[in-house]
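Here's the letter readout for the chains.
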Amino acid sequence: MKNTIPFVAAMALVFLSACSSDDNDPVTVEASCSDGIQNGDETGVDCGGSCTPCAAAIDNPATYVFERDGVSTVDFNGQTTRLLMGEELLDALKDPVNTDAELLAKYGHEEGESNFMDLDLNGSSKNLKSKTAASTDYFSANTADQSTIRADFDGWLSAQANEVFPEFDTVASPGNPGQLADGSSTRYVSGQGLEYNQLFNKGLIGALMVDQALNNYLSPAVLDAGDNRTNNDSDTAAEGKSYTDMEHKWDEAYGYVYGLNADVADPNADLGADSFLNKYVGRVEGDADFAGIADTIFQAFKLGRAAIVAKDYATRDAQAAIIREKISEVIAIRAIYYLQQAKASIGGETPAYGTAFHDLSEGYGFIYSLQFTRTPDTDAPYFSKTETDVLLSDLLGDGENGLWDVTPETLDALSVSIADRFSFTLEQAAE
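Points about the overall build of the protein chain
When helices and strands are counted, the protein chain shows 16 helices and eight strands. Each of the 431 residues in the protein chain was classed as buried or not, and the buried ones make up 53%. For the protein chain, the share of sequence-separated contacts (at least 6 apart) that also reach a separation of at least 24 residues comes to 66%.

So, in structure tokens, the structure goes:
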């Protein structure tokens, strides 16, 4: 199991410190240090000859509101646009009038094409596909995996249109796509029992929202790119903008989590504002075992942004590590949760296949998303792509008909394998 990074509580005025003595024993005080002075500083701390001077006070606001000269410096419009595109595409995946060409066009939208009901989205140059598996840290030098991952998403869209849509009125059976009852709902599955729309939805949470937030915009390689530090130190805004490039990159990570909230400055009041990461931060928050995780994530985003304003990059990076840890936990918790929910549905004398396959398809998508998580203070996910592929193969590997053949023992084994990488238990995640 990994070590848990302690949460830094939000305060109206925060000082943090990271001074080290000659023997490298950390001294933690109420200030942040970054550039080399000898034997203490204005706080009266004796750092043994190797301290760094205190950064400016971090003015940590109560909400995610940051201004310069009375003008907001927060902007994540591009992230909101992609979330809206994702919502329309999810709706289209449930409507059999759509062709595979139409679904693929929504995913890889080109500016000016009439792919969406929202006319503003049609005029956008942005799309979902170009940001899938596109982080600087994981994919800038890994185009092979990037291509494979994007092909997975293309394939799920095409399979929904070509395999499942034509059988919407047929009852599914092992090896044959169609519909299954799930209480008052109807699920539409492949011959292996997979809901492609759920694979696409939950997989995109990892491949786009998590990957872009954790492995791109919170990465020092992006935050500190080019002259970003120099310009941030001098409050030099990007051309024609109110924000520095570093401030904007941090806000873009924030946007992938909170871009559709009614009050983006205080987003925890309406978690579940989208069908992606925001929704599942809220779901995990609703589990008593993990109550407080939503505020931990929000406070780390807010304090990290305040640290950028204060030019305190050590604190910025510490908050990024907290966000990486907690958002990664959200992915793993939901993967286990759905596996265990499905186990209950298939374990009786009369298996509830519609219910089970819905949960297992969501679980499949969250397992797929594990490859985009990030262990704090490293450049690696909790599960590599190879390890993730093995988990997914095991999920479908109990028989030739995939989920129709999966056993409770397999679901338990997969759940244990995931939980063992984290600091929570299977039992906590399963509730």
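Remarks on the packing of aromatic side chains
Per the stated rule, a full pass over the model turns up 29 aromatic pairs. Taking 4.9 Å as the distance between ring centres and 80 degrees as the angle between the ring planes, the aromatic pair formed by Phe357 and Trp404 counts as edge-to-face. Here Trp404 lies in the loop between helix H14 (385–395) and helix H15 (408–419) and Phe357 lies in helix H13 (residues 353–369), a separation of 47 residues in the sequence. Phe357 sits in the buried class, given a relative accessible area of 0%. Among the residues examined, Trp404 registers a relative accessible area of 12% and is labelled buried. Chaining the aromatic ring pairs together yields one cluster made of Tyr64, Phe66, Phe76, Trp250, Tyr254, Tyr258, Phe298 and Phe301. The ring of Tyr337 has Arg334 lying over it, and the distance from NZ or CZ to the ring centre is 4.2 Å.

Description of the layout of surface pockets
Quantified by volume, the second largest pocket comes out at close to 280 Å³. Lining the second largest pocket are 20 residues, and of these Lys94, Arg187, Asn197, Gln198 and Asn201 lie nearest its centre. Breaking the lining of the second largest pocket down by element, the ones donating at least two residues are helix H1 (77–92), strand S8 (185–189), helix H6 (196–217), helix H10 (277–285) and H13. Sorting elements by how many residues they give to the lining of the second largest pocket places H6 first, with four residues. When its residues are assigned to classes, the lining of the second largest pocket shows five nonpolar, seven polar and eight charged.

Considerations on H14
Considered for burial, the residues of H14 that qualify are Lys385, Thr388, Leu391, Leu392 and Leu395. Taken around the axis of H14, the buried residues stretch over an arc of 120 degrees, which confines them to a single face. In the core, the buried residues of H14 are packed alongside helix H5 (143–164), helix H12 (313–346), H13 and H15.

Things to note about the confidence of the model for the protein chain
Low pLDDT marks stretches whose predicted atomic positions should not be read closely. Confidence along the protein chain averages 90 in pLDDT terms, with 87% of residues attaining 70 or more. Across residues 1–55, where pLDDT falls below 50, the model places 119 contacts with residues more than four positions away in sequence or in other chains.

Observations concerning the environment of Val330
Here Val330 is to be found in helix H12. Residues Val330 and Ala429, 99 residues apart in the sequence, show an inter-C-alpha distance of 9.6 Å. Apart from the residues within four sequence positions on either side, Val330 is in contact with Leu277, Tyr280, Val281, Val284 and Ile293.

Things to note about the pairing of strand S7 (residues 178–182)
For a regular strand, the rule is simple: side chains alternate between the two faces of the sheet. Inspection of the sheet shows S7 paired to S8 by five bridges, in the antiparallel sense. Pairing of Leu180 across the sheet is with Arg187, part of S8.

With respect to the packing of H1 against H6
Think of two packed helices as two axes; the pair is described by the angle between the axes and how far apart they sit. Contact geometry for H1 and H6: axes closest at 11 Å, N-to-C directions at 170 degrees. Viewed along their axes, H1 and H6 adopt a mutual orientation that is roughly antiparallel. Of the residues in H6, those touching H1 at Gln79, Leu83, Leu89 and Leu90 are Asn197, Phe200, Asn201, Met209 and Tyr217. Each residue belonging to the contact of H1 with H6 can be placed in one class, and the counts come to six nonpolar, three polar and no charged.

With respect to the pattern of salt bridges
Where side chains of opposite charge bring their charged atoms close, a pairing between them can arise. Under the definition given, this model contains 17 salt bridges. For Lys202, the salt bridge identified is with Glu362, shortest N-O distance 3.1 Å. Of this pair, Lys202 sits in helix H6 while Glu362 is found in helix H13, placing the two residues 160 residues apart along the sequence. Of the two residues examined, Lys202 and Glu362, each falls in the buried class. Here Asp389 and Lys385 are joined by a salt bridge, their closest N and O atoms 3.0 Å apart. Taken together, the residues span about one helical turn, with Asp389 and Lys385 both in helix H14 at a distance of four residues.

Considering H12
Counted at 1.5 Å a residue, the expected span for H12 with its 34 residues is 50 Å, and the 50 Å between its end C-alpha atoms agrees. Most of H12 is tucked away: 28 of the 34 residues are buried. Capping of H12 at its N-terminal end is provided by Asp312; its side-chain oxygen lies 3.5 Å from the backbone amide nitrogen of Ala314.

So, unusual backbone geometry
Although it is not a glycine, Ala133 adopts a positive phi angle of roughly 50 degrees. The phi torsion at Lys311 lies on the positive side, around 65 degrees, for a residue other than glycine.

What about the nonpolar core?
Ranked by size, the top nonpolar core spans 113 residues in total, and within it Phe200, Phe301 and Ile418 carry the most contacts. Here this core takes 16 residues from H12, the largest share from any one element. Among all residues touching Phe301, those that are not within four sequence positions of it are Tyr64, Leu218, Trp250, Ala253, Tyr254, Val257, Tyr258 and Ile323.

Points about the packing of H1 against helix H9 (residues 245–258)
Following both chains from N to C, one finds H1 and H9 inclined at 25 degrees, their axes separated by 8 Å at the closest point. In this view, H1 runs roughly parallel relative to H9, as classed from their interaxial angle. The handedness of the crossing between H1 and H9 comes out as right-handed. Only Glu252, Gly255 and Tyr256 of H9 make contact with H1, whose side of the interface consists of Gln79, Arg82 and Leu83. Of the residues assigned to the contact of H1 with H9, the class counts are two nonpolar, two polar and two charged.

Parameters and conventions
Residues numbered from 1 in each chain as written. Predicted model: local features only at pLDDT ≥ 70, side-chain atom pairs only at ≥ 80, totals over all residues. Heavy atoms only, no water. Helix = DSSP H or I, 4+ residues; strand = E, 2+ residues; numbered from the N terminus. Buried < 20%, exposed > 50% of the residue type's maximum accessible area, 1.4 Å probe, protein only. Contact = heavy atoms within 4.5 Å. Phe/Tyr/Trp six-rings, centres within 6.5 Å; stacked < 30°, edge-to-face > 60°. Lys NZ or Arg CZ within 6 Å of the ring centre and 35° of its normal. 1 Å grid on protein atoms, 1.4 Å probe; cavity = no way out; pocket = protein on both sides within 12 Å on 5 of 7 lines; lining within 4 Å. Points joined across faces, edges and corners; volume = space filled by probe spheres on them. Nonpolar A, V, L, I, M, F, W, Y, C, P; charged D, E, K, R; others polar. Arc of directions from axis to C-beta. pLDDT = per-residue confidence, 0-100. Pairing = 2+ DSSP bridges. Axes fitted to C-alpha atoms, helices over the stretch in contact; angles between N-to-C directions. Parallel < 35°, antiparallel > 145°, perpendicular 65-115°, else oblique. Salt bridge = Lys/Arg side-chain N within 4 Å of Asp/Glu carboxyl O. Expected span 1.5 Å × (residues − 1). Polar contact = N/O pair within 3.5 Å; in protein donor to acceptor, adjacent residues only side chain to side chain. Core = buried A, V, L, I, M, F, W, Y, C linked by side-chain atoms within 4.5 Å. Left-handed = near helix turned anticlockwise from the far one by under 90°.

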